[in-house]
Amino acid sequence: CGGELGESRQFNMMLKTFLGPAENSAATVYFRPETAQGMFVNFENVLKTSRKRLPFGIAQVGKSFRNEITPGNFIFRTREFEQMEIEYFIKEDDWKKYFEYWFEKMKNWLANLGIKQENINFIEIPDGERAHYSKRTVDIFYNFPFGSSELYGLAYRGDFDLKNHNQVYLDPETNEKFVPHVIEPTWGVERTVLAVLCEHYHEEVVANDPEGGVRAVLKLPKWLAPRKIAVLPLSRKDELTGVSARVYKDLSSGWICDYDETQSIGKRYRRQDEIGTPYCVTIDFQSLEDDAVTVRERDSMTQTRVKINDLKQYFNDQFHTDGTAQWATSSNG
């Protein structure tokens, strides 16, 4: 920028603290900057206790800490964050095959989250920009409303990590000793949540709507919705709440359900739309006569009359056919 430069300073991306009451150099420890290192350090322990053979992987979800120089930018530069990683151990000759294998798995994961293919970019990191030990790295970006930002990464780390921790593998069939190579898929948890919210949150104009004409709806895939079914008695009269309580208890044995009897039925539908509940079950006065309820589907708002005794089978069928799109086999980038 042509400005005047200050004196050079030492930066450390790891957070330093002291373990124990004495604050001296012998007590200095660092928070882990990624979850991976524990899996490399404990490779031999896992190998001995699980008796796994190559290829196999270790997965971990947990906190990581980085002493960001410029913290901020919402969740993208925080000093504490949640990370999911897999270290998949392989023979060196198989790295291309298993890189593609995990590439497809990561694409499937995105598809199962309901994220459209056009909102994802796969960036091949060129020579000279990858880590020195990597022969291939792919970064996965999502088109957020504020711009494209990184979600995940997939890297072939070679034998760099296990070699530095003096970890070896003994092939039980050939008695060959060697250092396994590693394929590492990694996911950001907070970034995933944000991408899912951005992808599935919608505001829709509803014609002739007594609740105001615009509904906010979170169109989550059914498997991902925190509540699967909401049971809503039309009124708080005892004859309806009694039936509703029985329906709620019965459905709760198979799905995570919500029960709501406050305010108008329209407002209750809106509340469930906003948190992504795929189905609402309304018990009305007609239910006392025909032993049936009204099932309302979130996205289309269509309503279907279903016998109370058939509800479990009805929802088994609905949740079994989630309808989540699959686009993992096609190429994008």
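Before reading further, recall that the structure is shown in the block above.
The sections below set out a description of the structure shown in this document. (Residues numbered from 1 in each chain as written. Predicted model: local features only at pLDDT ≥ 70, side-chain atom pairs only at ≥ 80, totals over all residues. Heavy atoms only, no water.)

1. Considering the state of the cysteines
The test is simple: Working definition: a disulfide is two cysteine sulfur atoms within 2.5 Å of each other. We call a residue buried when its accessible area falls under 20% of the maximum for its residue type, exposed when it is over 50%, and partly exposed in between, using a 1.4 Å probe and counting protein chains only.
In total, this model carries zero disulfides according to the counting rule given. Looking at the unpaired Cys257, the closest cysteine sulfur is the one in Cys280, lying at 11 Å. Taking relative accessible area as the criterion, Cys257 reaches 8% and is therefore assigned buried.

2. Concerning the pairing of strand β17 (residues 303-307)
In plain terms, the rule: Strands are labelled as partners when DSSP assigns at least two bridges between them. Each helix is a run of H or I in the DSSP string that is no shorter than four residues. Each strand is a run of E no shorter than two, and both are numbered from the N terminus.
Both strand β16 (residues 292-297) and β17 contribute to a ladder of five bridges, which runs antiparallel. By the bridge assignment for β17, Val295 is matched with Thr304. Counting the residues that bridge the hairpin from β16 to β17 gives five residues, and of these Met301 lies at a positive phi of roughly 65°.

3. A word on the pattern of salt bridges
Opposite charge on two side chains permits them to pair, given that their charged atoms come into close proximity. Operational definition: For this document, the term salt bridge refers to a Lys or Arg side-chain nitrogen within 4 Å of an Asp or Glu carboxyl oxygen.
This structure, assessed with the given rule, holds 24 salt bridges. Close ionic contact of Lys91 with Asp171 constitutes a salt bridge, the shortest N to O distance being 3.5 Å. In this pair, Lys91 sits in the loop between β4 (80-90) and α3 (95-112) while Asp171 sits in the loop between β8 (169-170) and β9 (177-178), placing the two residues 80 residues apart along the sequence. Looking at Lys91, the relative accessible area reads 36%, which means it is partly exposed.

4. Regarding unusual backbone geometry
Of note, the bond from Leu54 into Pro55 is cis; its omega dihedral lies within 30 degrees of zero at -5°. Secondary-structure assignment places Pro55 in the loop between α2 (43-50) and β3 (56-65). Positive phi, close to 55°, is recorded for Arg51, a residue that is not glycine. Tracing the chain through its elements places Arg51 in the loop between α2 and β3. On the accessibility criterion, Arg51 (71% relative accessible area) is exposed. Positive phi, close to 55°, is recorded for Asp291, a residue that is not glycine. Its place among the elements puts Asp291 in the loop between α8 (287-290) and β16.

5. Here we look at the packing of aromatic side chains
Our working rule: Ring pairs are drawn from Phe, Tyr and Trp, using the six-membered ring of Trp, whenever the two centres fall within 6.5 Å, and their geometry is named by plane angle: stacked under 30 degrees, edge-to-face over 60, tilted for the rest. Placement of a charge over a ring requires the Lys NZ or Arg CZ to be within 6 Å of the ring centre, with the centre-to-atom vector within 35 degrees of the ring normal.
For the structure shown, the criterion picks out 27 aromatic pairs. For the ring pair Tyr152 and Trp187, a centre distance of 6.3 Å and an interplane angle of 65° mean the geometry is edge-to-face. Taken together, the residues span a long stretch of sequence, with Tyr152 in strand β7 (residues 147-158) and Trp187 in strand β10 (residues 181-188) at a distance of 35 residues. We classify Tyr152 as buried; its relative accessible area is 2%. Accessibility expressed as a relative area gives 10% for Trp187, which makes it buried. Centroid distance Tyr169 to Phe178: 5.5 Å. Interplanar angle 65°. Geometry classified as edge-to-face. Chaining the aromatic ring pairs together yields one cluster made of Trp95, Phe99, Phe103, Phe122 and Tyr156. Stacked on the ring of Tyr269, the Lys or Arg Arg296 has its end atom at 4.4 Å from the ring centre.

6. Overview of the packing of helix α6 (residues 238-252) against helix α9 (residues 311-320)
Note the cut-off: Under this scheme, a helix contributes an axis fitted over its contacting stretch, all axes are lines through C-alpha atoms, and angles between N-to-C directions fall in the 0 to 180 degree range. Roughly parallel means an angle under 35 degrees; roughly antiparallel means over 145; roughly perpendicular covers 65 to 115; every other angle is labelled oblique. Crossing handedness follows the turn of the near helix against the far one: under a right angle anticlockwise gives a left-handed crossing, and clockwise gives a right-handed one. Contacts between residues were defined by any pair of non-hydrogen atoms, one from each residue, lying within 4.5 Å. Note on residue classes: Ala, Val, Leu, Ile, Met, Phe, Trp, Tyr, Cys and Pro are nonpolar, Asp, Glu, Lys and Arg are charged, and everything else, Gly too, is polar.
Relative orientation of the contacting elements α6 and α9 amounts to 45°, with a least axis distance of 10 Å. Put simply, α6 runs oblique to α9. Note that α6 runs across α9; the crossing there is right-handed. Residues Val247, Asp250 and Leu251 of α6 touch α9, and the partners they reach there are Leu311, Lys312 and Phe315. Among the residues making up the contact of α6 with α9, the classes are represented as four nonpolar, no polar and two charged.

7. Re the nonpolar core
For the record, the criterion: Only buried Ala, Val, Leu, Ile, Met, Phe, Trp, Tyr and Cys residues count toward a nonpolar core, and they belong to the same one when joined by side-chain atoms within 4.5 Å.
Within the largest apolar cluster, 30 residues are counted, with the highest numbers of intra-cluster contacts made by Leu110, Ile120, Leu151, Tyr152 and Ile183. Listed by contribution, the elements that provide at least two residues to this core are β4, α3, β5 (120-124), β6 (136-144), β7, β10 and α5 (189-200). Of all the elements, α3 adds the most residues to this core, at seven residues. When residues no more than four places from it in sequence are discounted, the contact partners of Leu151 are Leu110, Ile120, Ile140, Phe141, Tyr142, Phe144, Trp187, Gly188, Arg191, Thr192 and Ala195. With 18 residues, the next largest nonpolar core counts Leu240, Val293, Val306 and Leu311 among its residues.

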